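For reference, the chains in residue letters:
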Amino acid sequence: MSPERRDEEQQLMHLKLMGWRHFPVDLEKLSGIRCLLLGAGTLGCEVSRLLMTWGVRKLTVVDGGHVSMPDVLKQSLYVDDDCGVPRATAIVPHLKERCPAVDVEAIQMEIPAPGNPVSPSVLDDCERLQTLVASSDVVFLLTDTWESRWFPTLLCANENKMAITAALGHDSYLVMRHGAGPGTRRGNMDDVIAQIQNLSTEDALGRQRLGCCFCNDTTSLFNSVSDETVALPGLTSIVSGKAVELFARMLHHPEGIHAPGDMAGMDTEHQLGLLPHQMRGSLPRCDLSTVISNSSNNCTACSNIVLSEYRREGLNFVMQAINQPTYLKDLTGISNLIKSDTCLKLPASFPVNSGKLSSARCLLLGAGTLGCDVARILMDYGVRNLTIVDSGCVVVSNLAKQSLYTTKDRKTPKATAILEHLKERCSSVVEGIQMEIPMPGHPVSSKEAAGVLKACERLQELVAAHDAVFLLTDTRESRWLPTLLCANENKIAITAALGYDSYLAMRHGAGPGINSEGSDMVAAMNKLSAEDVLGRQRLGCYFCNDVIAPVDSVSNRTLDQQCTVTRPGLASIASGHAADLFTRLLNHPDGIHAPGDIAGTSSERPSGLLPHQMRGSLSQYSLLTLMGYSSSSCIACSNAVLREYRSRGLDFVMQVINEPTYLEDLTGLTELMKSADYSRVEWVDEVDDEDFADM
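Residues numbered from 1 in each chain as written. Predicted model: local features only at pLDDT ≥ 70, side-chain atom pairs only at ≥ 80, totals over all residues. Heavy atoms only, no water.

1. Some words on the overall build of the protein chain
Thinking step 1. The number of helices and strands found in the protein chain is 25 helices and 16 strands.
Thinking step 2. A burial count over the protein chain gives 57% of its 695 residues as buried.
Thinking step 3. In the protein chain, the share of contacts with a sequence separation of at least 24, taken over all contacts with a separation of at least 6, comes to 72%.
Thinking step 4. Within the structure as shown, the protein chain displays about 28,400 Å² of accessible surface, and the carbon and sulfur contribution to it stands at 49%. (Helix = DSSP H or I, 4+ residues; strand = E, 2+ residues; numbered from the N terminus. Buried < 20%, exposed > 50% of the residue type's maximum accessible area, 1.4 Å probe, protein only. Contact = heavy atoms within 4.5 Å. Areas by Shrake-Rupley, 256 points an atom, 1.4 Å probe, with all protein chains shown as cover.)

2. Quick look at the pairing of strand 11 (residues 429–434)
Regular strands have side chains that alternate between both faces of the sheet.
Thinking step 1. Pairing analysis gives six bridges linking strand 10 (residues 385–390) to strand 11, with the strands arranged parallel. Along strand 11, the bridge assignment pairs Ile388 with Gly432.
Thinking step 2. Of the crossover connections in this fold, the one passing from strand 10 over helix 15 (residues 414–423) to the parallel strand 11 is right-handed. (Pairing = 2+ DSSP bridges. Right-handed = clockwise from strand over helix to strand, strands pointing away.)

3. Remarks on the side chain of Thr165
Thinking step 1. Along the chain, Thr165 turns up in strand 5 (residues 162–168).
Thinking step 2. Within the local environment of Thr165, its side chain forms a polar contact with the side chain of His178, the two groups lying 2.9 Å apart.
Thinking step 3. Among residues more than four places away in sequence, those in contact with Thr165 are Leu141, Arg149, Leu174, Val175, Met176, His178 and Cys213. (Polar contact = N/O pair within 3.5 Å; in protein donor to acceptor, adjacent residues only side chain to side chain.)

4. Focus on the sheet that holds strand 8 (residues 287–291)
Thinking step 1. Taken in spatial order, the eight strands line up as 3-2-1-4-5-6-7-8 in an open sheet, and their pairing is mixed. A single partner strand is all that each edge strand has here, and the edge strands are strand 3 (103–108) and strand 8. Between one strand axis and the next, the sheet turns through 15° on average, direction left out of account.
Thinking step 2. Judged from the six bridges that link them, strand 2 (residues 58–63) and strand 3 form a sheet pairing that is parallel. Each residue of the ladder has a partner; that of Val62, found in strand 3, is Ile107. (Axes fitted to C-alpha atoms, helices over the stretch in contact; angles between N-to-C directions.)

5. Section: the nonpolar core
Thinking step 1. Of all hydrophobic cores here, the largest spans 119 residues; its most connected members are Phe247 and Phe582.
Thinking step 2. Two domains each provide a minimum of three residues to this core, namely domain 1 (3–180 + 209–290) and domain 2 (436–602 + 612–676).
Thinking step 3. Not counting chain neighbours up to four residues away, the residues in contact with Phe582 comprise Leu357, Ala360, Cys362, Leu378, Val383, Ala468, Phe470, Ile492 and Ile494.
Thinking step 4. With 46 residues, the next largest nonpolar core counts Leu471, Leu504, Tyr542 and Leu642 among its residues. (Core = buried A, V, L, I, M, F, W, Y, C linked by side-chain atoms within 4.5 Å. Domains from an automatic or database assignment.)

6. Here we look at the pairing of strand 2
Thinking step 1. The buried fraction of strand 2 amounts to five of the six residues, a majority that puts the element mostly inside the structure.
Thinking step 2. As defined by bridge partners, strand 1 (residues 34–38) adjoins strand 2 across five bridges and the pair is classed as parallel. Counterpart to Leu38 in the pairing with strand 2 is Val62.
Thinking step 3. Once you follow strand 1 into helix 4 (residues 42–53) and on to strand 2, the crossover reads as right-handed.
Thinking step 4. Each parallel crossover has a hand, and the one from strand 2 via helix 5 (residues 87–98) to strand 3 is right-handed.

7. Examining the pattern of salt bridges
Thinking step 1. A full pass over the atoms with the stated rule returns 25 salt bridges.
Thinking step 2. Measuring nitrogen to oxygen at the nearest pair gives 3.1 Å for the salt bridge that ties Asp467 to Arg361. You can see Asp467 sitting in the loop between helix 16 (446–465) and strand 12 (468–471) and its partner Arg361 sitting in strand 9 (residues 361–365), a full 106 residues away along the chain.
Thinking step 3. Judged by relative accessible area, Arg361 falls into the partly exposed class, the value being 37%.
Thinking step 4. One connected set of salt bridges, linked through shared partners, spans Glu46, Arg49, Asp373 and Arg376. (Salt bridge = Lys/Arg side-chain N within 4 Å of Asp/Glu carboxyl O.)

8. Describing a nonpolar patch on the surface
Thinking step 1. Together, Met263, Met266 and Ile292 line one region of the surface with nonpolar side chains, adding up to about 220 Å² of accessible area.
Thinking step 2. Structurally, the position occupied by Met266 is in the loop between helix 9 (233–252) and strand 7 (278–282). (Patch = residues over 30% accessible without salt bridge, like charges linked within 9 Å, V, L, I, M, F, W, Y side chains within 5 Å.)

9. Some thoughts on unusual backbone geometry
With the exception of glycine, the majority of residues adopt a negative phi angle, and the majority of peptide bonds are in the trans configuration.
Thinking step 1. Of note, the phi angle at Asn160 is positive, near 55°, even though the residue is not glycine.
Thinking step 2. Mapped onto the elements, Asn160 comes out in the loop between helix 7 (150–159) and strand 5.
Thinking step 3. Judged by its relative accessible area of 32%, Asn160 falls in the partly exposed class.
Thinking step 4. The phi dihedral of Asn490 is positive, around 60°, even though this residue is not glycine.
Thinking step 5. With respect to the helices, strands and loops of the structure, Asn490 is situated in the loop between helix 17 (480–489) and strand 13 (492–498).
Thinking step 6. Classification of Asn490 as partly exposed rests on a relative accessible area of 30%.

10. Focus: the side chain of Arg149
Thinking step 1. Within the secondary structure layout, Arg149 lies in the loop between strand 4 (138–141) and helix 7.
Thinking step 2. Of the polar contacts made by the side chain of Arg149, one reaches the backbone oxygen of Thr143; its length is 2.7 Å.
Thinking step 3. Setting aside residues no more than four positions away along its own chain, Arg149 makes contact with Leu141, Leu142, Thr143, Thr165, Ala166, Ala167 and Phe214.

11. Describing the packing of helix 16 against helix 22 (residues 650–658)
How two helices sit against one another is set out by the angle between their axes and by the gap between those axes.
Thinking step 1. Where helix 16 contacts helix 22, the two axes come as close as 11 Å, and the packing angle between them is 120°. Comparing their axes, helix 22 and helix 16 come out oblique. Crossing handedness for the pair helix 16 and helix 22: right-handed. Packed against helix 16, whose contacting residues are Ala449, Val452, Leu453, Cys456, Glu457 and Gln460, the element helix 22 presents Leu650, Val653, Met654 and Ile657 at the interface.
Thinking step 2. Taken together, the residues of the contact of helix 16 with helix 22 sort by class into eight nonpolar, one polar and one charged. (Parallel < 35°, antiparallel > 145°, perpendicular 65-115°, else oblique. Left-handed = near helix turned anticlockwise from the far one by under 90°. Nonpolar A, V, L, I, M, F, W, Y, C, P; charged D, E, K, R; others polar.)

12. Points about the environment of Ala113
Thinking step 1. Tracing the chain through its elements places Ala113 in the loop between strand 3 and helix 6 (122–135).
Thinking step 2. The buried category is assigned to Ala113, whose relative accessible area is 7%.
Thinking step 3. Taking the C-alpha atoms as reference, Ala113 lies 8.5 Å from Ala321; in sequence the two are 208 residues apart.
Thinking step 4. Setting aside residues up to four positions removed in sequence, Ala113 forms contacts with Glu147, Ser148 and Ile322.

13. Describing the environment of Val175
Thinking step 1. Mapped onto the elements, Val175 comes out in strand 6 (residues 172–177).
Thinking step 2. For the pair Val175 and Arg280, spaced 105 residues apart in sequence, the C-alpha to C-alpha distance is 6.6 Å.
Thinking step 3. If sequence neighbours within four positions are ignored, Val175 has contacts with Thr165, Val239, Lys242, Ala243, Leu246, His277, Gln278 and Met279.

14. Brief notes about the packing of aromatic side chains
Thinking step 1. Applying the stated criterion across every chain yields a total of nine aromatic pairs.
Thinking step 2. Ring geometry for Phe317 versus Tyr327: centroids 5.9 Å apart, planes at 65°, classification edge-to-face. Of this pair, Phe317 sits in helix 11 (residues 315–323) while Tyr327 sits in helix 12 (residues 326–332); the two residues are ten residues apart in sequence, bridging distant segments of the chain.
Thinking step 3. Of the residues examined, Phe317 reaches a relative accessible area of 1% and is grouped as buried.
Thinking step 4. A residue is classified by how much of its surface remains accessible, and Tyr327, at 15% relative accessible area, is buried. (Phe/Tyr/Trp six-rings, centres within 6.5 Å; stacked < 30°, edge-to-face > 60°.)

The quantities given are spatial measurements derived from coordinates; they are silent on function.
See the structure below:
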């Protein structure tokens, strides 16, 4: 096997593991499909990278803009050296750095749009776009303006092509798949007349067509180039992850573009889970809704009357729509109707305290899939002091998943490689530390003890020196010591964790307050309160629902058990929520002591709700906000554990590392499990021997 082929096999390993453990990924279909991305900006960068993670190897990217300095942090593939370069030129080498096998065609071209001045080359651009849509299998609409999506939407409906729209508001988003194009009514007519005049309101399978992104729009299109979409930084990652997931799900659905729309809460036999039509989300309200709408007879892009006129007049119709935007309104009969809320609008700006963000010192534990995304999004929010801890090296199989690394980073320590890529985007204060995090269930020999103690001391110093800690590691046990230290130091702690198709983003509660009785030293060790320093019941940490101590989850495991096998878009979604959660917490007047909000409740704060935990599922398209209080039996943040740590220091930590069941004994979990086992004993009433024989 050639080195190139070997690298490609390693990059596809996570998809093969998905097929082994969960559902059969059609690698041949994914590698052969041609994806057309309209837009190479904020959304285009993320979507193209995630498509490669899904195994897509044929990409065409269209964009008419240039890389600018303010966009380097937002647009995840570009660096400072790309400023002034056309995005269609700059994006190609960055994609190939991550996946040399990808076939990328980049085209610098403005997309013709109604309401915008016509250049002499607009007819050539129209013809070029017609050819591109016809030769592609799926089209992603990722442009900045609503009207630039009109012509591609029309072409996709006419060609019956898959189309995915991803759109950003300030703090809300829309991700949707367009419905199939119209079928043709039967009758005694020749094919030409049928194709032009007798389009059906149903698709080719006889089902009512799902709508496109213009089907609820009741106005003509207009020139919105001057309107700038100022979106919260984490929003792009969330939207891109959902858009690519929607594409992969539709591609694997037996009915493809004709698949009906599913709603959250429905049952499905499809292995990938529900296949919705639209997803609309809001970060301030912490909600996610699935919506179904059918194609509108008055749609300015996919209605039968518009498609019939396009098939009859061709580009003359398009030019008339471009030069006379009210023509579409008159043609479709929606004159004098009030505009709906389909187009996402910009609410009042999020009240970000830029000074607080720029001075916040953030410690990121983990520089892998989550670490790359969280670091970049934090810098986009304005965080300028980052310390990143990781012990691993960049490997080929993770290049597409870990968004900052390229092939030149192969075998380089991640703690070193990530610094270079972050500084390419912003000259922040960034430090990388290569270090193993000591973990329960990973016993150490006497020869290793000194090194582990040194690592514990270093982690103590790092947590004490930072304002917030992000727990982004691959294993559960590696989060225990940082969680304990954050509770002891009363530091902000944010956890992001991935399952196969589910995720968790949560903030840990504050550390315990101190009862007023006794001397300071005695109180600090023995008089810890069940409440925080504000007298509020403490919110829980990542381990508060555990009933066993963390153990070694890596050694003596098969490859698929050692790896975190997740859907490719999941890390982006979780990272976006984690960074947004931190920003809301930092801007809340109560900070780490803020109570947990639940979705559906009202909030007077301009920034919206501040939940304790967010748990999401891609299979069910659900997003839950949960709240739990600190457990008196928690193995990481309970008073019993903190008291022992404050009394014995690192001797206590070393005992936990070498004897993980010690935590269960200390916190009372051992007795709890014994009582639970006893309560599960099934008692059989006394019966006669004869009756027993008949049972």
